[in-house]
Amino acid sequence: MGIYNVKKLVVVTGLSGSGKSSTLNILEDQGLFAVDNIPAALLPQLLELLGTHDSAVVNGVVVVVDVRGKDLDRFETISRELRAGVEDFSVVFLDATDEVLVQRFNTTRRSHPLGDGVTILEGIKRERDLLASIRQEADIIVDTSNLDIRSFRPALLKALGSPDPQLTVLFSSFGFKHGIPNDSDYVMDVRFLPNPYYVPSLRDLTGTDEPVKQYIKEQFPDWEAFLDKTVDFFEFLLPQYGRVGKSSMHIAIGCTGGRHRSVAMVEWLESIFEEQGYRVTHFHRDIDKH
(Lines give C-alpha, C1' and ligand atoms only; values in the text may rest on other atoms or scores of the structure.)
Protein backbone atom coordinates (compact mmCIF):
# COMPACT_ATOMS: atom_id res chain seq x y z
CA MET A 1 0.00 0.00 0.00
CA GLY A 2 1.48 3.35 -1.03
CA ILE A 3 1.81 6.34 1.22
CA TYR A 4 0.64 8.80 -1.44
CA ASN A 5 -2.95 9.43 -2.49
CA VAL A 6 -1.72 9.47 -6.08
CA LYS A 7 -1.71 5.79 -7.05
CA LYS A 8 0.09 5.97 -10.37
CA LEU A 9 3.24 7.85 -11.39
CA VAL A 10 4.98 7.57 -14.75
CA VAL A 11 8.39 9.25 -14.95
CA VAL A 12 9.44 9.95 -18.53
CA THR A 13 13.12 10.55 -19.14
CA GLY A 14 15.72 9.95 -21.83
CA LEU A 15 17.70 11.70 -24.52
CA SER A 16 16.78 15.17 -25.69
CA GLY A 17 15.06 14.84 -29.05
CA SER A 18 13.90 11.28 -28.42
CA GLY A 19 10.21 12.19 -27.97
CA LYS A 20 9.69 13.04 -24.31
CA SER A 21 7.33 15.93 -25.01
CA SER A 22 5.28 13.80 -27.40
CA THR A 23 5.11 11.06 -24.78
CA LEU A 24 3.89 13.56 -22.20
CA ASN A 25 1.15 14.74 -24.54
CA ILE A 26 0.05 11.19 -25.38
CA LEU A 27 -0.22 10.16 -21.75
CA GLU A 28 -2.01 13.39 -20.92
CA ASP A 29 -4.56 12.44 -23.60
CA GLN A 30 -4.92 9.15 -21.74
CA GLY A 31 -6.08 11.08 -18.69
CA LEU A 32 -2.91 11.41 -16.66
CA PHE A 33 -2.07 14.73 -14.99
CA ALA A 34 1.01 15.98 -16.89
CA VAL A 35 3.99 18.00 -15.62
CA ASP A 36 6.98 18.86 -17.81
CA ASN A 37 10.56 19.55 -16.74
CA ILE A 38 10.42 19.09 -12.99
CA PRO A 39 13.59 18.57 -10.92
CA ALA A 40 13.74 15.05 -9.50
CA ALA A 41 14.07 16.41 -5.97
CA LEU A 42 10.60 17.98 -6.20
CA LEU A 43 8.74 14.79 -7.10
CA PRO A 44 7.74 13.88 -3.51
CA GLN A 45 6.42 17.40 -2.92
CA LEU A 46 4.55 17.27 -6.22
CA LEU A 47 2.78 14.06 -5.24
CA GLU A 48 1.86 15.55 -1.85
CA LEU A 49 0.43 18.61 -3.58
CA LEU A 50 -1.56 16.56 -6.11
CA GLY A 51 -2.92 14.28 -3.39
CA THR A 52 -6.07 16.43 -3.26
CA HIS A 53 -6.40 16.81 -7.04
CA ASP A 54 -9.20 14.53 -8.24
CA SER A 55 -7.82 13.92 -11.73
CA ALA A 56 -4.32 13.13 -10.48
CA VAL A 57 -5.61 10.77 -7.79
CA VAL A 58 -7.99 8.89 -10.07
CA ASN A 59 -5.98 8.79 -13.32
CA GLY A 60 -2.38 9.18 -12.18
CA VAL A 61 0.47 11.56 -12.93
CA VAL A 62 3.08 11.66 -15.70
CA VAL A 63 6.20 13.83 -15.36
CA VAL A 64 9.23 14.54 -17.51
CA VAL A 65 12.56 14.49 -15.67
CA ASP A 66 15.73 15.09 -17.67
CA VAL A 67 19.01 16.97 -17.81
CA ARG A 68 17.25 20.33 -17.65
CA GLY A 69 16.52 19.62 -13.98
CA LYS A 70 20.24 19.70 -13.08
CA ASP A 71 19.85 17.09 -10.31
CA LEU A 72 19.91 13.71 -12.07
CA ASP A 73 22.54 12.52 -9.59
CA ARG A 74 19.72 12.33 -7.02
CA PHE A 75 17.27 10.53 -9.29
CA GLU A 76 18.11 6.96 -8.26
CA THR A 77 17.71 7.69 -4.57
CA ILE A 78 14.44 9.53 -5.09
CA SER A 79 13.05 6.88 -7.44
CA ARG A 80 13.66 4.17 -4.82
CA GLU A 81 11.70 6.21 -2.30
CA LEU A 82 8.87 6.71 -4.78
CA ARG A 83 8.72 3.01 -5.63
CA ALA A 84 8.05 2.35 -1.97
CA GLY A 85 5.41 5.07 -1.73
CA VAL A 86 3.46 4.84 -5.01
CA GLU A 87 1.42 1.76 -5.83
CA ASP A 88 2.06 1.95 -9.59
CA PHE A 89 5.44 3.56 -10.33
CA SER A 90 7.37 3.25 -13.58
CA VAL A 91 10.27 4.91 -15.36
CA VAL A 92 10.03 5.18 -19.15
CA PHE A 93 13.32 5.87 -20.91
CA LEU A 94 13.21 7.19 -24.47
CA ASP A 95 16.21 6.66 -26.69
CA ALA A 96 17.30 7.02 -30.31
CA THR A 97 20.48 6.66 -32.31
CA ASP A 98 22.97 9.53 -32.38
CA GLU A 99 22.40 9.94 -36.11
CA VAL A 100 18.63 10.31 -35.71
CA LEU A 101 18.97 12.72 -32.79
CA VAL A 102 21.39 14.93 -34.70
CA GLN A 103 19.00 14.96 -37.64
CA ARG A 104 16.09 15.97 -35.39
CA PHE A 105 18.06 18.80 -33.83
CA ASN A 106 19.10 20.05 -37.25
CA THR A 107 15.52 19.87 -38.49
CA THR A 108 14.12 21.87 -35.57
CA ARG A 109 17.18 24.16 -35.46
CA ARG A 110 17.30 23.87 -31.70
CA SER A 111 20.49 23.67 -29.69
CA HIS A 112 21.19 20.78 -27.37
CA PRO A 113 20.55 21.62 -23.68
CA LEU A 114 24.11 20.49 -22.90
CA GLY A 115 25.59 21.78 -26.12
CA ASP A 116 26.60 25.28 -25.09
CA GLY A 117 29.78 25.86 -27.05
CA VAL A 118 30.05 22.27 -28.31
CA THR A 119 28.59 20.36 -31.25
CA ILE A 120 25.20 18.68 -31.08
CA LEU A 121 26.86 15.27 -31.23
CA GLU A 122 29.10 16.10 -28.29
CA GLY A 123 26.07 17.27 -26.32
CA ILE A 124 24.33 13.97 -27.05
CA LYS A 125 27.36 12.00 -25.86
CA ARG A 126 27.54 13.98 -22.62
CA GLU A 127 23.83 13.43 -22.04
CA ARG A 128 24.19 9.66 -22.59
CA ASP A 129 26.87 9.55 -19.89
CA LEU A 130 24.65 11.44 -17.45
CA LEU A 131 21.67 9.17 -18.13
CA ALA A 132 23.50 5.83 -18.30
CA SER A 133 22.65 4.67 -14.77
CA ILE A 134 19.01 5.81 -15.09
CA ARG A 135 18.66 3.87 -18.34
CA GLN A 136 19.80 0.71 -16.57
CA GLU A 137 17.14 1.17 -13.89
CA ALA A 138 14.31 2.04 -16.30
CA ASP A 139 11.23 -0.19 -16.37
CA ILE A 140 10.54 0.46 -20.05
CA ILE A 141 12.93 1.54 -22.81
CA VAL A 142 11.47 2.80 -26.08
CA ASP A 143 13.74 3.35 -29.07
CA THR A 144 12.09 6.00 -31.24
CA SER A 145 14.68 5.98 -34.03
CA ASN A 146 12.36 4.41 -36.59
CA LEU A 147 9.07 5.83 -35.34
CA ASP A 148 7.30 8.58 -37.26
CA ILE A 149 4.43 10.72 -36.02
CA ARG A 150 1.81 8.16 -37.01
CA SER A 151 3.48 5.13 -35.46
CA PHE A 152 4.79 6.77 -32.29
CA ARG A 153 1.54 6.76 -30.28
CA PRO A 154 0.54 3.10 -30.83
CA ALA A 155 4.14 1.95 -30.30
CA LEU A 156 4.40 3.87 -27.03
CA LEU A 157 1.06 2.66 -25.68
CA LYS A 158 1.93 -0.92 -26.62
CA ALA A 159 5.26 -0.63 -24.77
CA LEU A 160 3.42 0.70 -21.73
CA GLY A 161 0.93 -2.14 -21.86
CA SER A 162 -1.94 0.30 -22.36
CA PRO A 163 -4.99 -0.64 -24.39
CA ASP A 164 -5.43 1.03 -27.74
CA PRO A 165 -6.94 4.46 -27.14
CA GLN A 166 -10.68 4.52 -27.71
CA LEU A 167 -11.84 7.13 -30.15
CA THR A 168 -14.36 9.58 -28.71
CA VAL A 169 -16.92 10.80 -31.24
CA LEU A 170 -18.76 14.08 -30.70
CA PHE A 171 -21.84 14.58 -32.86
CA SER A 172 -23.00 18.17 -32.67
CA SER A 173 -25.94 19.96 -34.25
CA PHE A 174 -25.88 23.57 -35.36
CA GLY A 175 -27.69 26.13 -37.50
CA PHE A 176 -25.92 27.53 -40.56
CA LYS A 177 -27.59 30.88 -39.86
CA HIS A 178 -25.61 30.99 -36.60
CA GLY A 179 -22.27 29.98 -38.13
CA ILE A 180 -20.32 26.74 -38.62
CA PRO A 181 -18.50 25.37 -35.53
CA ASN A 182 -14.84 26.22 -36.11
CA ASP A 183 -13.56 23.24 -34.12
CA SER A 184 -15.31 20.58 -36.22
CA ASP A 185 -13.42 17.87 -38.11
CA TYR A 186 -16.30 17.19 -40.49
CA VAL A 187 -19.33 19.29 -41.43
CA MET A 188 -22.45 17.64 -42.77
CA ASP A 189 -25.31 19.65 -44.33
CA VAL A 190 -28.85 18.23 -43.93
CA ARG A 191 -30.77 21.26 -45.17
CA PHE A 192 -32.11 19.12 -48.05
CA LEU A 193 -34.33 17.21 -45.62
CA PRO A 194 -37.96 18.34 -45.26
CA ASN A 195 -38.13 21.14 -42.69
CA PRO A 196 -40.47 20.63 -39.72
CA TYR A 197 -40.28 24.35 -39.03
CA TYR A 198 -42.95 24.96 -41.65
CA VAL A 199 -45.41 22.62 -39.92
CA PRO A 200 -47.23 24.69 -37.26
CA SER A 201 -47.66 21.75 -34.88
CA LEU A 202 -43.93 20.93 -35.05
CA ARG A 203 -42.40 24.42 -35.13
CA ASP A 204 -42.00 24.76 -31.37
CA LEU A 205 -40.69 21.22 -30.96
CA THR A 206 -37.10 20.11 -31.60
CA GLY A 207 -35.32 17.20 -33.21
CA THR A 208 -35.31 15.39 -29.87
CA ASP A 209 -39.09 15.00 -30.10
CA GLU A 210 -40.49 11.89 -31.76
CA PRO A 211 -43.10 13.71 -33.93
CA VAL A 212 -40.28 15.70 -35.58
CA LYS A 213 -38.28 12.57 -36.27
CA GLN A 214 -41.31 10.77 -37.63
CA TYR A 215 -42.13 13.70 -39.94
CA ILE A 216 -38.64 13.67 -41.46
CA LYS A 217 -38.81 9.92 -42.08
CA GLU A 218 -42.26 10.08 -43.66
CA GLN A 219 -41.59 13.13 -45.84
CA PHE A 220 -38.22 11.98 -47.19
CA PRO A 221 -38.74 8.80 -49.26
CA ASP A 222 -35.02 8.00 -49.45
CA TRP A 223 -34.54 8.36 -45.71
CA GLU A 224 -33.35 4.80 -45.02
CA ALA A 225 -30.90 4.82 -47.93
CA PHE A 226 -29.51 8.18 -46.82
CA LEU A 227 -29.03 7.03 -43.23
CA ASP A 228 -27.42 3.75 -44.33
CA LYS A 229 -24.94 5.52 -46.62
CA THR A 230 -24.08 8.04 -43.90
CA VAL A 231 -23.45 5.30 -41.36
CA ASP A 232 -21.37 3.33 -43.89
CA PHE A 233 -19.21 6.39 -44.53
CA PHE A 234 -18.46 7.03 -40.87
CA GLU A 235 -18.03 3.30 -40.16
CA PHE A 236 -15.20 3.36 -42.67
CA LEU A 237 -13.78 6.73 -41.64
CA LEU A 238 -13.63 6.56 -37.84
CA PRO A 239 -11.30 3.52 -37.58
CA GLN A 240 -8.88 5.20 -39.99
CA TYR A 241 -8.46 8.11 -37.61
CA GLY A 242 -8.20 5.77 -34.66
CA ARG A 243 -5.30 3.94 -36.33
CA VAL A 244 -3.24 7.12 -36.64
CA GLY A 245 -3.76 7.93 -32.96
CA LYS A 246 -6.50 10.55 -33.12
CA SER A 247 -8.31 10.44 -29.79
CA SER A 248 -11.45 12.40 -30.71
CA MET A 249 -13.56 13.34 -33.71
CA HIS A 250 -16.05 16.20 -33.91
CA ILE A 251 -18.70 15.69 -36.56
CA ALA A 252 -20.90 18.77 -36.90
CA ILE A 253 -24.30 18.41 -38.57
CA GLY A 254 -26.10 21.55 -39.69
CA CYS A 255 -29.53 22.64 -40.83
CA THR A 256 -30.90 26.16 -41.19
CA GLY A 257 -31.66 27.02 -37.56
CA GLY A 258 -30.13 24.09 -35.69
CA ARG A 259 -33.34 23.04 -33.92
CA HIS A 260 -34.99 20.29 -35.96
CA ARG A 261 -33.26 18.34 -38.75
CA SER A 262 -29.66 18.53 -37.51
CA VAL A 263 -30.73 17.67 -33.97
CA ALA A 264 -32.67 14.62 -35.13
CA MET A 265 -29.73 13.46 -37.26
CA VAL A 266 -27.36 13.74 -34.32
CA GLU A 267 -29.76 11.71 -32.17
CA TRP A 268 -29.95 8.95 -34.75
CA LEU A 269 -26.19 8.75 -35.36
CA GLU A 270 -25.34 8.89 -31.68
CA SER A 271 -27.64 5.94 -30.97
CA ILE A 272 -26.23 3.86 -33.83
CA PHE A 273 -22.54 4.38 -33.03
CA GLU A 274 -23.08 3.98 -29.31
CA GLU A 275 -24.53 0.54 -30.02
CA GLN A 276 -21.39 -0.24 -32.03
CA GLY A 277 -19.24 0.37 -28.95
CA TYR A 278 -17.91 3.84 -29.68
CA ARG A 279 -17.57 6.36 -26.90
CA VAL A 280 -20.10 8.90 -28.15
CA THR A 281 -21.27 12.28 -26.90
CA HIS A 282 -23.53 14.94 -28.37
CA PHE A 283 -24.00 18.69 -28.20
CA HIS A 284 -26.95 20.65 -29.59
CA ARG A 285 -25.44 24.12 -29.91
CA ASP A 286 -28.41 26.08 -31.27
CA ILE A 287 -31.37 24.05 -30.05
CA ASP A 288 -32.63 26.87 -27.80
CA LYS A 289 -32.27 29.63 -30.38
CA HIS A 290 -35.33 30.91 -32.20
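Right above here is the structure, for reference.
This text gives an overview of the structure that appears in the document. (Residues numbered from 1 in each chain as written. Predicted model: local features only at pLDDT ≥ 70, side-chain atom pairs only at ≥ 80, totals over all residues. Heavy atoms only, no water.)

Right, let's get into helix α5 (residues 98-108). Among the residues of α5, those classed as buried are Val100, Leu101 and Phe105. Relative to the axis of α5, the buried residues are bounded by an arc of 135° and lie together on one face. Residues of α5 that are exposed and point over 90 degrees away from its buried face: Glu99, Gln103, Asn106 and Thr107. Where α5 is buried, its residues meet α6 (120-137). Remark: Arg109 follows α5 within two positions and exhibits a positive phi of approximately 60°. (Buried < 20%, exposed > 50% of the residue type's maximum accessible area, 1.4 Å probe, protein only. Helix = DSSP H or I, 4+ residues; strand = E, 2+ residues; numbered from the N terminus. Arc of directions from axis to C-beta. Contact = heavy atoms within 4.5 Å.)

A word on the sheet that holds strand β9 (residues 279-284). Strand pairs in the sheet, formed through backbone hydrogen bonds, run parallel or antiparallel to each other. Here we have four strands laid out as an open sheet, ordered β7-β8-β6-β9, and parallel in their pairing. Of all strands in the sheet, those bounded by a partner on one side alone are β7 (186-189) and β9. On average, each strand axis in the sheet is inclined to that of its neighbour by 20°, with strand direction left out of account. Relative to strand β8 (residues 248-255), strand β6 (residues 168-175) is paired through eight bridges, and the arrangement is parallel. In the sheet register, Val169 faces β8, and the bridge partner there is Met249. Sheet strands in contact with helix α10 (residues 261-275) are β6, β7, β8 and β9, and its direction is about 170° off that of β9. (Pairing = 2+ DSSP bridges. Axes fitted to C-alpha atoms, helices over the stretch in contact; angles between N-to-C directions.)

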